[in-house]
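# Structural characterization, general
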Amino acid sequence: KQWYQRRVRAATSTLSGQHWSLLCYVRKQATVFHVDSLNAFNAAETKLMCSKLSKLLDKRLVSKNLCCAQQKNGYDCGVYAIFFAKSIVECFKSSGTFEAKCVQNALPKGYRKVLISEISSLPK
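So, here's what we can say about the structure. (Residues numbered from 1 in each chain as written. Predicted model: local features only at pLDDT ≥ 70, side-chain atom pairs only at ≥ 80, totals over all residues. Heavy atoms only, no water.)

Attention now moves to the side chain of S54. Structurally, S54 can be placed in helix α2 (residues 43-57). Apart from residues lying up to four places away in sequence, S54 is in contact with K59, R60 and L61. (Helix = DSSP H or I, 4+ residues; strand = E, 2+ residues; numbered from the N terminus. Contact = heavy atoms within 4.5 Å.)

In total, this model carries 1 disulfide according to the counting rule given. Note that C91 is cross-linked by a disulfide to C102, the S-S spacing being 1.9 Å. In this pair, C91 sits in helix α3 (residues 77-95) while C102 sits in helix α4 (residues 101-104), placing the two residues 11 residues apart along the sequence. One exposure class covers both C91 and C102, and it is buried. The closest cysteine sulfur to the non-disulfide-bonded C67 is located on C68, 7.6 Å from its own sulfur. (Disulfide = S-S within 2.5 Å. Buried < 20%, exposed > 50% of the residue type's maximum accessible area, 1.4 Å probe, protein only.)

A complete count under the given rule lists 3 aromatic pairs for this structure. Taking the centre distance of 5.8 Å and the plane angle of 65 degrees together, the rings of F83 and F84 count as edge-to-face. Since its relative accessible area comes to 13%, F83 is described here as buried. What makes F84 buried here is its relative accessible area of 1%. Where F83 meets Y111, the ring centres are 5.0 Å apart and the plane angle is 70 degrees; that geometry is what we call edge-to-face. Of this pair, F83 sits in helix α3 while Y111 sits in helix α5 (residues 111-120), placing them 28 residues apart in sequence. Take Y111: its relative accessible area is 8%, and that puts it in the buried class. Site record: aromatic cluster; members linked through ring pairs are Y80, F83, F84 and Y111. (Phe/Tyr/Trp six-rings, centres within 6.5 Å; stacked < 30°, edge-to-face > 60°.)

Here you go:
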């Protein structure tokens, strides 16, 4: 757990208050990756967050929008953001690095049901 936490930071973004997407800062690449299931809906917010993070770290960062699976409705953005975060962590755990294909090839089909099942199995 600690091993990959030192290499990647991920956060969901909903600055517009309308849509969740995922930001992933990879320190080694000095890059903030934006993974958005609604065609870069939060692209402007991503640039703002990247700029703020750059100032905070006193480091020039690059912001990149990644191609990923697109939601087909107006309500699954949170499910997609969680799925992509999980895909990125699994990528780091298995390869020790981040590659765009970790999310580009990830298909969250049926993941809403998986989340519902996991939440339902939690102790009450």
